[in-house]
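# Observations on the three-dimensional arrangement
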Amino acid sequence: MTRANPWRAVRRAYGRERLVRPYALTAGRTRPSGATIDMVALVTVARSPMGGGGAAEIMSELGPEHLRLLRFCSSRSSVADLATELDLPLGVVRILLADLRERGLVSIHQPVSAGLHDVRILKEVADALRKL
Amino acid sequence: MPYANSEQTGDRQTVPVAIKILVAGGFGVGKTTLVSSVSEVRPLRTEEDMSEPSSLVDQLDGVERKTTTTVAMDFGRISISDDLVVYLFGTPGQRRFWFMWDELAYGALGAVVMADTRRLADCFPSIDYFERNGMPFVVAVNCFDEARRYPSETMRSALNLTDDVPLLLCDARQRASSRDVLVALVEHAVARLSSGRHVTPAR
């Protein structure tokens with residue numbers, strides 16, 4: 001991770017302009033760091049960026065989209081939910097989430113496919129759908 | 001699927017079980033209609049690397065350096081309880097979108113392949129894909145008012161479906177009808193599981 005804040009350059013280049021290309025939001029990156037993030041993985045806030053040690057440093061590394069994303073994470077949403085809420089491409093949201101995870105700000109709960117082998121869970125799903 | 005408690009320790013709150021269902025089929029077959037009749041649907045944007053086949057199809061004159069394409073999927077969510085959420089992904093069925101499907105299919109409960117009797121061939125790529133990947137699927141024939149009706153057996157043989165794949169008639173505009181399609185899929189997955197057949201596609 002570089003010490004220089006890439007967001008500053010993005011903000012300088014675009015000012016208040018809203019028409020920012022998706023990959024400008026990710027400072028040109030196309031792949032998230034760390035472990036793969038499933039589109040239905042659940043995201044929860046692990047800690048506030050304002051609390052704890054190194055708060056000022058962490059805040060200076062985050063862009064406005066990171067902070068927007070963090071605000072939405074408090075509702076325990078899936079990655080796909082967050083992408084639609086923020087109207088950002090899935091790939092961009094994954095990269096921003098990986099940044100937040102790297103700084104210990106969010107927990108990402110990867111789904112495991114065990115539920116698909118559990119007849120009890122599937123029957124519960126069928127029963128619930130019937131009541132729709 | 002239940003969630004594994006991830007890298008973060010000390011987080012003991014229960015996380016909901018997420019069930020992922022794919023809705024596939026040709027252009028204009030009623031995927032959006034089906035997803036929106038049972039859930040609140042929102043567009044999910046994906047910006048993906050362009051695959052080789054799509055670069056032949058998509059007109060790139062003047063934008064030769066463009067290597068990504070924006071694909072919107074229909075994304076629906078049915079919150080059954082605090083602990084159980086069903087996610088629906090309506091995905092374009094053309095073969096050139098298959099690059100997105102591998103990810104979508106991973107960990108999915110199964111798929112609904114939608115068909116229109118006037119353009120039956122449009123759903124062949126979807127059926128091909130799910131047969132190959134071993135994921136449970138049902139075929140839902142969307143009964144458009146102006147489309148001719150055929151006996152199930154005729155459609156099954158036209159689609160070359162094996163006996164164990166359920167085929168249903170539906171009206172995607174009707175919530176109850178769309179709901180029945182989803183229930184049929186889940187029951188099919190349960191039946192396959194009970195008969196000991198492998199459910200989760202290998203990645």
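To be clear, the structure that these remarks concern was listed above.
Conventions and cut-offs
Residues numbered from 1 in each chain as written. Chains lettered and ligands numbered in written order. Predicted model: local features only at pLDDT ≥ 70, side-chain atom pairs only at ≥ 80, totals over all residues. Heavy atoms only, no water. Helix = DSSP H or I, 4+ residues; strand = E, 2+ residues; numbered from the N terminus. Buried < 20%, exposed > 50% of the residue type's maximum accessible area, 1.4 Å probe, protein only. Contact = heavy atoms within 4.5 Å. Areas by Shrake-Rupley, 256 points an atom, 1.4 Å probe, with all protein chains shown as cover. Arc of directions from axis to C-beta. Salt bridge = Lys/Arg side-chain N within 4 Å of Asp/Glu carboxyl O. Axes fitted to C-alpha atoms, helices over the stretch in contact; angles between N-to-C directions. Parallel < 35°, antiparallel > 145°, perpendicular 65-115°, else oblique. Left-handed = near helix turned anticlockwise from the far one by under 90°. Nonpolar A, V, L, I, M, F, W, Y, C, P; charged D, E, K, R; others polar. Core = buried A, V, L, I, M, F, W, Y, C linked by side-chain atoms within 4.5 Å.

Along its length, chain B carries six helices and seven strands. The order of helices and strands in chain B, counted from the N terminus, is β-α-β-α-β-β-α-β-α-β-α-β-α. Taken across its 203 residues, chain B has 55% of its residues classed as buried. Long-range contacts, defined as pairs at least 24 residues apart, comprise 71% of the intrachain contacts of chain B with a sequence gap of at least 6. Looking at chain B as shown, the accessible area adds up to about 9,400 Å², and 50% of this sits on carbon and sulfur atoms.

Residues and elements named next belong to chain B. Three or more residues of helix α3 (residues 98-105) are buried, namely W98, M100, W101, L104 and A105. Along the axis of α3, the buried positions cluster into a sector of 140 degrees, meaning they face one direction only. Looking one or two places after α3, you find G107, whose phi comes out positive at around 75 degrees.

The tally for this structure, following the rule as stated, stands at 19 salt bridges over all chains. Between R29 of chain A and D99 of chain A there is a salt bridge, and its shortest N-O distance comes to 2.8 Å. Here the residue R29 of chain A occupies a position in the loop between α2 (22-25) and β1 (42-45), and D99 of chain A occupies one in helix α6 (residues 90-102), the gap between them amounting to 70 residues. Relative accessible area serves as the criterion here: at 4%, D99 of chain A is assigned to the buried category. Across the salt bridge formed by R120 of chain A and D118 of chain A, the nearest N and O atoms sit 3.8 Å from each other. With a relative accessible area of 57%, R120 of chain A lands in the exposed category. Judged by its relative accessible area of 24%, D118 of chain A falls in the partly exposed class. Within this structure, D116, R118, R119, D122 and E146 of chain B form a network of salt bridges that share partners.

This brings us to the packing of α3 of chain B against helix α4 (residues 124-133) of chain B. When two helices pack together, their arrangement is given by the angle between the helix axes and by the axis-to-axis distance. Residues and elements named next belong to chain B. For the pair α3 and α4, the least separation of the axes is 12 Å and the interaxial angle reads 45 degrees. On the basis of the axis angle, α3 is oblique to α4. Between α3 and α4 the crossing geometry is right-handed. Taking contact as the criterion, the partners of W98, W101, D102 and A105 in α3 are, on α4, P125, S126, D128, Y129, F130, R132 and N133. Within the contact of α3 with α4, the residues separate by chemical class into six nonpolar, two polar and three charged.

Quick look at the nonpolar core now. Among the nonpolar cores identified, the biggest contains 62 residues, and L69 and L97 of chain A together with F89, W101, F130, F137 and V139 of chain B are the most heavily contacted of them. When residues of this core are assigned to their parent elements, the largest contribution, seven residues, is made by α6 of chain A. Residues within four places of L97 of chain A in sequence aside, it is in contact with I37, V43, L69, C73, V79, L82, V106 and I108 of chain A. Counting residues in each nonpolar core, the second largest holds 35 residues, with V86, L168, A172 and L182 of chain B among its members.

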